[in-house]
Amino acid sequence: MNEISKSPLNDQALKVLFQCKDYAVSQEEFSILQDKEAELLVTSPQPAIENLNRYYESADYISHTDSKKTVIDQMYQWVKKRALNSKVNLIDGLAHEKGNLMDIGCGTGDFLVACKKNGWNTTGIEPNEKARKLGLEKLESSSGQNTEGKIFQDIKEYRNTIEKDKRETKFDVITLWHVLEHVPSITEYVKELHNLLADNGNLVVAVPNHKSYDAKIYGKFWAAYDVPRHLWHFSKRSISLLFSQVQMEIIEIRPMKWDAFYVSLLSEKYKNGKVNYLQAFYNGLVSNQKGKTTGEYSSLIYVLKKKKRI
């Protein structure tokens, strides 16, 4: 385990805000630390990279499967399906023509398949072997003229493959749908994202928002803290500060309204030991209503632009 004492955004000392439990896998306790100035929250201690996988080893970790066993699983898959078209429409609106797209943390590949069918040359990154296998099977069976579809274990494997092919690929769009909060060495990773993007390319980042209403009412039981898999807990300010380090700017912010309901369902389970569906629905509804005024929804999509080199 690695103890974190300073913020990656400004090197300021972090203060303990509260303790949070890993309800999904280990049942271990972790601290949530605060960088008040940057509005960033940090999980500590953080698992060493070689031990990180064991915190994902659960049949309940839904993004690595297509499970529909429970009501919460079914809701997750329903929301994922409904969100797919809006994600593809967002991506299509960012580029004058469909070129190279990379989806990092592509899970079982549904977004990649949808983009491939829509004319994009797709590349995926997915560390989980079972999810990666499912994604590759879907890509191989999908249709799409003059499009490619590949999934790599990590950025390093992708880089090694490119070097062997003697090709330098830059991406017009890179997406991270609820992935950035999982990434160790966050500032170095952001530099890598910047390097992978073409000039004037777009980065699309979706992350939970710890300033949302549902985060406030559930406190340490808020499911989107998801320690220790979620290492960083972002706000609008912290995302802006993080990407300003590589001269990238936010050009648009969009809400993910369904997340308030799904996160509230899990939070009810963590808080009370069982799911109160009516209460979860009510809290999700109120969170979205307050988000209309404050802009602080349960999860937010940030569209960032890489500035063209002069």
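This is a predicted model, so every value here is computed, not measured.

## A word on the nonpolar core
By size, the foremost hydrophobic cluster in this structure holds 40 residues, and its most contacted members are Ile104, Ile174, Leu176, Leu180, Leu203 and Phe243. If you list the elements that add at least two residues to this core, you get β3 (40–44), β4 (100–104), α4 (155–165), β7 (171–177), α5 (186–196), β8 (197–208), α7 (236–244) and β11 (299–306). By size, the runner-up hydrophobic cluster in this structure holds 21 residues, among which are Leu101, Val173, Ala206 and Val303.

## With respect to the packing of aromatic side chains
Two measures describe an aromatic ring pair: the distance that separates the ring centres and the angle between the ring planes. Under the criterion given, the structure shown has 10 aromatic pairs. Centroid distance Phe111 to Trp177: 5.5 Å. Interplanar angle 80°. Geometry classified as edge-to-face. Remark: Trp177 occurs in strand β7 and Phe111 occurs in helix α2 (residues 110–117); sequence separation between them is 66 residues. Trp177 sits in the buried class, given a relative accessible area of 10%. Ring geometry for Tyr158 against Phe171: centres 5.7 Å apart, planes inclined by 50°, an arrangement best described as tilted. Residue Tyr158 is located in helix α4, and its partner Phe171 is located in strand β7; the two are separated by 13 residues in the primary sequence. Per residue, the accessibility class of Tyr158 equals that of Phe171, and both read buried. An aromatic cluster of three or more residues is present, and its members are Phe18, Trp222 and Tyr225. Seen from the ring of Trp177, Lys87 lies directly overhead, with NZ or CZ sitting 4.5 Å from the centre.

## Details of the sheet that holds β3
One open sheet holds the 4 strands; their spatial order is β1-β2-β3-β9, and the pairing between them is antiparallel. The outermost strands of the open sheet, each flanked by one partner alone, are β1 (15–21) and β9 (232–233).

## Comments concerning empty space enclosed by the protein
Unoccupied space between atoms shows up once a probe the size of one water molecule is rolled over them. On inspection of all chains with the given rule, the structure shows 2 cavities of 30 Å³ or more. Of the pockets and cavities examined, the largest cavity occupies roughly 60 Å³. As for the largest cavity, its lining consists of 14 residues, and the residues nearest its centre are Lys21, Tyr23, Ala223, Asp226 and Tyr270. Taken together, the residues of the lining of the largest cavity break down into 9 nonpolar, no polar and 5 charged. In this model, the second largest cavity occupies a volume close to 30 Å³. In terms of lining residues, the second largest cavity is bounded by Pro208, Asn209, His210, Trp222, Ala224, His230, Trp232, His233 and Phe234. Among the residues making up the lining of the second largest cavity, the classes are represented as 5 nonpolar, 4 polar and no charged.

## Considering the pattern of salt bridges
Throughout the structure, instances matching the rule amount to 7 salt bridges. Residue Glu39 is joined to Lys211 by a salt bridge in which the shortest nitrogen-to-oxygen separation is 3.3 Å. Of the two residues, Glu39 sits in the loop between β2 (29–35) and β3 while Lys211 sits in the loop between β8 and α6 (213–218), which places them 172 residues apart along the sequence. Given the relative accessible area of 26%, Glu39 is considered partly exposed. For Asp226, the salt bridge identified is with Arg229, shortest N-O distance 2.8 Å. The residues Asp226 and Arg229 share a single accessibility class, namely buried. Residues joined by salt bridges that share partners form a network here, namely Asp22, Asp226 and Arg229.

Definitions and limits used
- Residues numbered from 1 in each chain as written.
- Predicted model: local features only at pLDDT ≥ 70, side-chain atom pairs only at ≥ 80, totals over all residues.
- Heavy atoms only, no water.
- Core = buried A, V, L, I, M, F, W, Y, C linked by side-chain atoms within 4.5 Å.
- Buried < 20%, exposed > 50% of the residue type's maximum accessible area, 1.4 Å probe, protein only.
- Helix = DSSP H or I, 4+ residues; strand = E, 2+ residues; numbered from the N terminus.
- Phe/Tyr/Trp six-rings, centres within 6.5 Å; stacked < 30°, edge-to-face > 60°.
- Lys NZ or Arg CZ within 6 Å of the ring centre and 35° of its normal.
- Pairing = 2+ DSSP bridges.
- 1 Å grid on protein atoms, 1.4 Å probe; cavity = no way out; pocket = protein on both sides within 12 Å on 5 of 7 lines; lining within 4 Å.
- Points joined across faces, edges and corners; volume = space filled by probe spheres on them.
- Nonpolar A, V, L, I, M, F, W, Y, C, P; charged D, E, K, R; others polar.
- Salt bridge = Lys/Arg side-chain N within 4 Å of Asp/Glu carboxyl O.

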